[in-house]
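Breakdown of the fold
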Amino acid sequence: MSNETEVELVDAFYMLIESLKNNGIENVYGIPGIPVTALIRSWQAEGGKWYGFRHETNAAMAAGVAGYLTGKPGVCLTTPAPGFLNGLAGAANATTNGWPMILLSGAAGRRNTDLQQGAFEEMDQLNAARPHVKAAYRINHISDIPIAVARAVRTAVSGRPGAVYLDLSHEMLTGTMPAAAAEALLFTPVDPTPKQLPDPAAVKRAADLLKGAKKPLILLGKGAAYAQADADIKALVEDTGIPFLPMSMAKGLLPDNHPQCAGPARSYVLPECDVVLIVGARLNWLLGNGKGNTWGNQLKKFIQIDILPQEIDSNVPIAAPLVGDIASCIAALREALKGMPKADAAWMGGIAERVNASKEKLAPTLKVETPPGMMNYRNSLGALRDVLAKYPSVTLVNEGANALDNTRMIVDQYQPRKRIDSGTWGIMGIGMGACIGAAVVTGEPVVAVEGDSAFGFSGMEVETMVRYNLPICVIVMNNGGIYKGNETNAGGYDDPSPTSFAPGSRYDKMIEAFGGVGVNAQTPAELAAAVEEAIKSRKPTLINACLDPDAGVESGRIAGLNIERKKKK
Ligand code: FYN
Ligand code: ADP
Ligand code: MG
């Protein structure tokens, strides 16, 4: 007869690790500490990959990007209180961008926390997380782990993707249960990302509208890239002959040098078009909320493909909503459009003229010579563009103001999901996390173009890049400041201006301190050579690109969003 001590037990770590594995999770990003250090060791011991960061926000950014690139949730693990809050910033960013990720965090004991008795790292994390994520759940008992992890994964990847917070309560983490009962609870969820087919009547309505268009336009957003329906989207564009305009992260879904790409004629096609097929993009601030000057002050006839029903009519009336997953909607639409004549040649011709004029205007500025150490955005990025054209599978990470705007305009993309940037919020601080997430899941080199300000938010992760020997090349566009590096203090005293950094900083020395390759590039040729060497060698590299402190403009291309003083006192 067996007594209680002979019953084989498993612990919460085992249940969590097995549940993550059952859901196809291979990588976890985060920072160890009380109470999850041993959990992380166990994860590694049982074959999981762990990427340890220097700041939790960057780990969460990596998880979000991994989710975007793979369609499976990236997982971030943090310690309680500030560690959790740091991770929450990345989870909120993933939610805003519509990327699947899971934030797991250890939490102080509920008994003390709920009575506010002052436990170590006490915080009501579940409620803090709620407004910023798609869903927040707490696991209170070890036997709930398999269902909770499956629920988190399904919530993250189905419908519009987003981040899910899973609170690992102290009580739960200390639990054990009989192994036989535990094994009976572990399972692999069936079809976590089900197809969502569009209504045939909605497909017909959309097809009829498109067939009647004189100046149709296809607007591709990062939802279209996320959907991994690349071949069908390309076929729809090419079969209809309709010009397409990619949002920044949809660049490369079809190559930027495709004859139907209207990117370089943006301010012509948006006001001029009559019917717009929106595929996985939102009519948010990046698109002038669907109205106003950007659109020639006319209400366009919009066909909008989106998985989230309430995205429709969010800003302006949508003439033909097409609610469903992009792959299913595009397939249905292609079928309904069979035999449709190609888009009007005069419309295409007018666009081609503008595209060529924009490119011709830009081209000479990319070759301008500047004195050593005084590069500008155009000639430095012109050199980079030519190198990256040779390596289309490299992922480009990009943040900043002028560094962002100029790179988006100058550097062409040729493959889907190879550009990651400031995203829906238009924020700084995605950089090194995005680089690491992309390098881990693609296994290919990553090149980041970072404003010197933008880099500062995640710069310490160069140590992480070196520690894991990841093929990442970071270019810091160093003009010595936010927007520009030559502003003086408006008050006239000696302190720096609010936008200035230490002049002549050598960011390349940072990575050398950890054993990576540092390069101080003074000319476009030096920059190009260093990037190419980094891509080929796959060695973690940081290039300090020496820019003229006067290079750049305040707030980049979105200066209209800034507030100027109305009245001087
Ligand atoms: C584009 N363009 C080109 C090319 N591609 N010209 C020549 N050759 C090529 N290949 C032209 C394009 O037609 C535009 O000119 C201009 O370059 C800029 O193109 P873009 O970037 O597509 O257009 P625009 O107007 O800047 O787009 C609006 C936006 C974008 C809001 C979508 O600015 C954006 O994504 N911004 C994010 C900003 C952000 O997050 N900043 C971080 C915070 S900064 P015209 O047609 O003449 O207009 C904190 O201060
Ligand atoms: P961008 O910033 O490039 O304009 P957004 O992130 O604003 O793109 O919009 C992406 C849209 O795509 C979101 O509204 C989201 O609901 C939608 N979406 C994401 N994945 C899918 C999918 N598989 N099927 C349909 N819609 C999707
Ligand atoms: Mg700068």
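Residues numbered from 1 in each chain as written. Chains lettered and ligands numbered in written order. Predicted model: local features only at pLDDT ≥ 70, side-chain atom pairs only at ≥ 80, totals over all residues. Heavy atoms only, no water.

- In the annotation of an unreviewed UniProt entry, the protein chain is listed under the name Oxalyl-CoA decarboxylase and assigned to Oxalobacter vibrioformis.
- In its Cofactor (unreviewed entry) section, the UniProt entry covering the protein chain states "thiamine diphosphate".
- Taken verbatim from the UniProt record of the protein chain, the Sequence similarities (unreviewed entry) comment is "Belongs to the TPP enzyme family." (UniProt positions renumbered as here; feature names shortened; annotations may be inferred.)

1. Notes on the pairing of strand 6 (residues 135-139)
- Counting buried residues in strand 6 gives 4 out of 5 residues, a clear majority hidden from the surface.
- Examined bridge by bridge, strand 6 and strand 7 (residues 163-168) share 5 bridges and lie parallel to one another. Each residue of the ladder has a partner; that of alanine 135, found in strand 7, is valine 164.
- The β-α-β motif built from strand 6, the intervening helix 7 (residues 145-157) and the parallel element strand 7 has right-handed crossover chirality. (Buried < 20%, exposed > 50% of the residue type's maximum accessible area, 1.4 Å probe, protein only. Helix = DSSP H or I, 4+ residues; strand = E, 2+ residues; numbered from the N terminus. Pairing = 2+ DSSP bridges. Right-handed = clockwise from strand over helix to strand, strands pointing away.)

2. What about the layout of surface pockets?
- Of the voids in this model, the second largest pocket is the one considered here, and its volume is about 180 Å³.
- The wall of the second largest pocket is formed by Glu487, Pro498, Thr499, Glu554, Asn562, Ile563, Glu564, Arg565 and Lys568.
- Grouping the constituent residues of the lining of the second largest pocket by class yields 2 nonpolar, 2 polar and 5 charged. (1 Å grid on protein atoms, 1.4 Å probe; cavity = no way out; pocket = protein on both sides within 12 Å on 5 of 7 lines; lining within 4 Å. Points joined across faces, edges and corners; volume = space filled by probe spheres on them. Nonpolar A, V, L, I, M, F, W, Y, C, P; charged D, E, K, R; others polar.)

3. Points about the coordination of the magnesium ion (ligand 3)
- Distances from the magnesium ion (ligand 3) to its protein donors, namely Asp452 (OD), Asn479 (OD1) and Gly481 (O), fall within the range 2.1 Å.
- Sequence positions of the residues that donate to the magnesium ion (ligand 3) give the spacing D-x26-N-x1-G. On the criterion of sequence distance, the pair formed by aspartate 452 in helix 19 (residues 452-456) and asparagine 479 in the loop between strand 17 (472-478) and helix 21 (508-514) is long-range, its members being 27 residues apart. We note that aspartate 452, like asparagine 479, is buried. (Donors = N, O, S within 2.8 Å, 3.2 Å for Na, K, Ca; no water.)

4. So, the pattern of salt bridges
- Counting across every chain of the model gives 22 salt bridges.
- The shortest N-O distance in the salt bridge between aspartate 208 and lysine 204 comes to 2.7 Å. Within this pair, aspartate 208 and its partner lysine 204 are both found in helix 10 (residues 200-211), separated by 4 residues, close to a single helical turn.
- Here arginine 467 makes a salt bridge to glutamate 463, at a shortest N to O gap of 2.8 Å. A residue pair is termed a helical-turn pair when its members lie 3 or 4 positions apart in one helix, as arginine 467 and glutamate 463 do in helix 20 (residues 462-467) at 4 residues.
- Classification of arginine 467 as partly exposed rests on a relative accessible area of 40%.
- Glutamate 463 sits in the buried class, given a relative accessible area of 14%.
- Through salt bridges with shared partners, one network takes in Arg54, Glu463 and Arg467. (Salt bridge = Lys/Arg side-chain N within 4 Å of Asp/Glu carboxyl O.)

5. Observations regarding the site of ligand 1
- Taken together, 21 residues form the shell around ligand 1, and within it Ser267, Arg408, Gly426, Tyr483 and Arg557 come nearest.
- In this structure, arginine 266 approaches ligand 1 through a side-chain N or O atom, which is 3.4 Å from an oxygen atom.
- Contact between ligand 1 and serine 267: an oxygen atom at 2.7 Å from a side-chain N or O atom of the residue.
- Taken by itself ligand 1 offers 980 Å² of open surface, and the protein chains cover 80% of this.
- Mapped by element, the contributors of at least two residues to the shell around ligand 1 are helix 13 (266-272), helix 15 (345-362) and helix 17 (402-410).
- Grouping the constituent residues of the shell around ligand 1 by class yields 11 nonpolar, 6 polar and 4 charged.
- Mapped onto the domain boundaries, the shell around ligand 1 takes at least three residues apiece from domain 2 (200-356) and domain 3 (368-553). (Near = heavy atom within 4 Å. Polar contact = N/O pair within 3.5 Å; in protein donor to acceptor, adjacent residues only side chain to side chain. Areas by Shrake-Rupley, 256 points an atom, 1.4 Å probe, with all protein chains shown as cover. Domains from an automatic or database assignment.)

6. Some thoughts on the sheet that holds strand 7
- Spatial ordering of the open sheet is given by 3-2-4-5-7-6, a layout of 6 strands whose pairing is parallel. Both outer strands of the open sheet, strand 3 (49-52) and strand 6, are each paired with one neighbouring strand and no more. Going from strand to strand, the sheet's axes swing by 25° on average, the running direction of each strand aside.
- Examined bridge by bridge, strand 2 (residues 27-30) and strand 3 share 4 bridges and lie parallel to one another. Residue pairing across strands places valine 28 opposite tryptophan 50, the latter belonging to strand 3. (Axes fitted to C-alpha atoms, helices over the stretch in contact; angles between N-to-C directions.)

7. Considerations on the UniProt feature "domain: Thiamine pyrophosphate enzyme TPP-binding" (unreviewed entry) in the protein chain
- Those places that UniProt annotates as "domain: Thiamine pyrophosphate enzyme TPP-binding" (unreviewed entry) correspond, in this numbering, to residues 411-544.
- In this annotation, residues 411-544 is assigned 33% helix and 19% strand; the end-to-end C-alpha distance for the span is 19 Å.

8. Regarding the pairing of strand 4 (residues 74-78)
- Taking burial as the measure, the 5 residues of strand 4 include 5 buried ones, the bulk of the element.
- Examined bridge by bridge, strand 2 and strand 4 share 3 bridges and lie parallel to one another. In the sheet register, valine 28 faces strand 4, and the bridge partner there is valine 75.
- Between strand 4 and its parallel partner strand 5 (residues 101-106), the chain crosses via helix 4 (residues 82-97), and the hand of that crossover is right-handed.

9. A closer look at the confidence of the model for the protein chain
- Mean pLDDT over the protein chain stands at 97; residues scoring 70 or higher make up 99%.
- Here the complex is predicted with pTM 0.98, and the ipTM for its interfaces comes to 0.98. (pLDDT = per-residue confidence, 0-100.)

10. Digging into helix 14 (residues 326-336)
- Residues Ile326, Ser328, Cys329, Ile330 and Leu333 constitute the buried set of helix 14.
- Buried residues along helix 14 sit against helix 10, helix 11 (222-226), helix 12 (230-240), strand 11 (275-279), strand 12 (301-306) and strand 13 (320-323).
- Capping the start of helix 14, aspartate 325 holds a side-chain oxygen 3.2 Å from the backbone nitrogen of alanine 327, two or three residues further along. (Contact = heavy atoms within 4.5 Å.)

11. Side note on the nonpolar core
- One finds Tyr29, Met101, Ile472 and Val474 to be the most contacted residues of the largest nonpolar core, which totals 53 residues.
- Per element, the largest residue contribution to this core is 9 residues, and it comes from helix 3 (residues 56-70).
- Once residues lying within four places of it in the same chain are set aside, the contact partners of valine 474 are Met432, Ala448, Glu450, Phe455, Met465, Thr541, Leu542 and Ile543.
- Counting residues in each nonpolar core, the second largest holds 37 residues, with Met15, Val36, Leu39 and Leu168 among its members. (Core = buried A, V, L, I, M, F, W, Y, C linked by side-chain atoms within 4.5 Å.)

12. Observations concerning the site of ligand 2
- In the vicinity of ligand 2 there are 19 residues, among which Arg160, Lys222, Arg282, Asp306 and Ile326 approach most closely.
- One nitrogen or oxygen atom from the main chain of isoleucine 307 is found 3.1 Å from a nitrogen atom belonging to ligand 2.
- In terms of residue count, helix 11 provides more of the shell around ligand 2 than any other element does, 3 residues in total.
- Partitioning the shell around ligand 2 into residue classes produces 6 nonpolar, 7 polar and 6 charged.

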